[in-house]
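Fold and contact review
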Amino acid sequence: MTFLEQLKESVLFLFNKEIERKDFVVEVGEKDGWTYRKWKSGIKECWIYYTETKTSQTWSGAGLTNANRYSFTKTLPTKFFVNPVSQIKISGSIGNGYGFPIFVSQENSSAFSFVMTSNSSGSQLCRISIYCIGE
């Protein structure tokens, strides 16, 4: 083997070792309406956009008076997360107005509930985007 061949082989070996150490996506797909991505490190992400018609309740609390409150419960992909997720990001709109998340509660790795407030009241079409990350 010539010096250049040995050098090429050494560089490729080191390059491949460096790639092995980096985190990368090992699986993508859809499950239970969610789109997901799994990483080599064990990190898992999932996201969903959906619509749901809800009726508001009047609520006062957390510095809000007579706010229009909409309550939701969302099930995560079946047996996807081992532990409760590390982070949940929620955004959306309710009716023709805003939808602002003010409370999120997760007691296990399979579902969570959240509350959004809005300037729209009554029965409204809610457009919700959710992103979750965890292990």
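Every chain is numbered independently, its residues counted from 1 as its sequence is written. The predicted nature of this model means local features are confined to residues of pLDDT at least 70 and side-chain atom pairs, given and counted, to a pLDDT of 80 or more, with totals for whole chains, interfaces and linings taken over all residues. To get the side-chain values, take all heavy atoms of the structure and skip hydrogens and water.

1. Here's the deal with the overall build of the chain
A count of helical and extended segments in the chain gives one helix and nine strands. Numbering goes from the N terminus for both helices and strands, where a helix is a DSSP run of H or I of at least four residues and a strand is a run of E of at least two. Of the regular secondary structure in the chain, the N- to C-terminal order runs α-β-β-β-β-β-β-β-β-β. Relative accessibility under 20% of the residue-type maximum defines a buried residue, over 50% an exposed one, and the middle range a partly exposed one, all with a 1.4 Å probe and only protein chains included. The proportion of buried residues among the 135 residues of the chain is 27%. Residues count as neighbours in contact if any of their non-hydrogen atoms are within 4.5 Å of one another. Of the contacts formed within the chain by residues at least 6 apart in sequence, a portion of 62% connects residues at least 24 apart.

2. Some thoughts on the nonpolar core
Side chains that are nonpolar tend, in soluble globular proteins, to be buried together. With 21 residues, the main nonpolar core has Phe112, Phe114, Ile128, Ile130 and Cys132 as its most contacted residues. The greatest single-element share of this core, amounting to four residues, is contributed by strand E9 (residues 123-134). Among residues more than four places away in sequence, those in contact with Phe114 are Tyr50, Tyr70, Ser71, Phe72, Lys74, Ile90, Phe103, Val104, Ile128 and Ile130. The nonpolar core is taken to be a set of buried Ala, Val, Leu, Ile, Met, Phe, Trp, Tyr and Cys residues, with the residues joined through side-chain atoms within 4.5 Å.

3. A look at the side chain of Ser56
Relative to the elements of secondary structure, Ser56 occurs in the loop between strand E3 (44-55) and strand E4 (57-61). According to the relative accessible area criterion, Ser56 is buried, its value standing at 17%. Of note is the side chain of Ser56, whose polar atom sits 2.8 Å from the backbone nitrogen of Gly122. Non-local contacts of Ser56, meaning those with residues more than four positions away in its chain, are made with Asn68, Arg69, Tyr70, Ser121 and Gly122. In protein, a polar contact requires one atom able to donate a hydrogen and another able to accept it; more generally it is a pair of N or O atoms within 3.5 Å, and residues adjacent in sequence count only if both atoms are side-chain atoms.

4. So, unusual backbone geometry
In this structure, Asp32 is a non-glycine residue whose phi angle is positive, near 55°. Examined against the element boundaries, Asp32 turns out to sit in the loop between strand E1 (25-31) and strand E2 (34-39). Its identity is not glycine, yet Lys79 carries a phi of approximately 50°, on the positive side. Structurally, Lys79 can be placed in the loop between strand E5 (64-75) and strand E6 (87-94).

5. Remarks on the packing of aromatic side chains
Pairing of aromatic side chains requires ring centres within 6.5 Å, counting the rings of Phe and Tyr and the six-membered ring of Trp. Pairs whose planes differ by under 30 degrees are stacked, by over 60 edge-to-face, and all others tilted. This structure, assessed with the given rule, holds four aromatic pairs. With 4.9 Å between their ring centres and 85° between their planes, Phe80 and Phe81 make a pair best called edge-to-face. Among the aromatic residues, ring-to-ring pairing joins Tyr36, Phe80 and Phe81 into one connected group. Here, over-ring charges are defined by two tests on the NZ atom of lysine or the CZ atom of arginine: distance to the ring centre within 6 Å, and angle to the ring normal within 35 degrees. Its end group placed over the ring of Tyr50, Lys74 keeps NZ or CZ at 4.0 Å from the ring centre.

6. Side note on the pattern of salt bridges
Just to be clear on terms, a salt bridge is a Lys or Arg side-chain nitrogen sitting within 4 Å of an Asp or Glu carboxyl oxygen. Scanning the entire structure with this criterion turns up three salt bridges. Between Lys54 and Glu52 there is a salt bridge whose closest N-O contact spans 3.5 Å. With a relative accessible area of 21%, Lys54 lands in the partly exposed category. Look at Glu52 and you get partly exposed, because its relative accessible area is 27%.

Read these as geometric descriptors, not functional statements.
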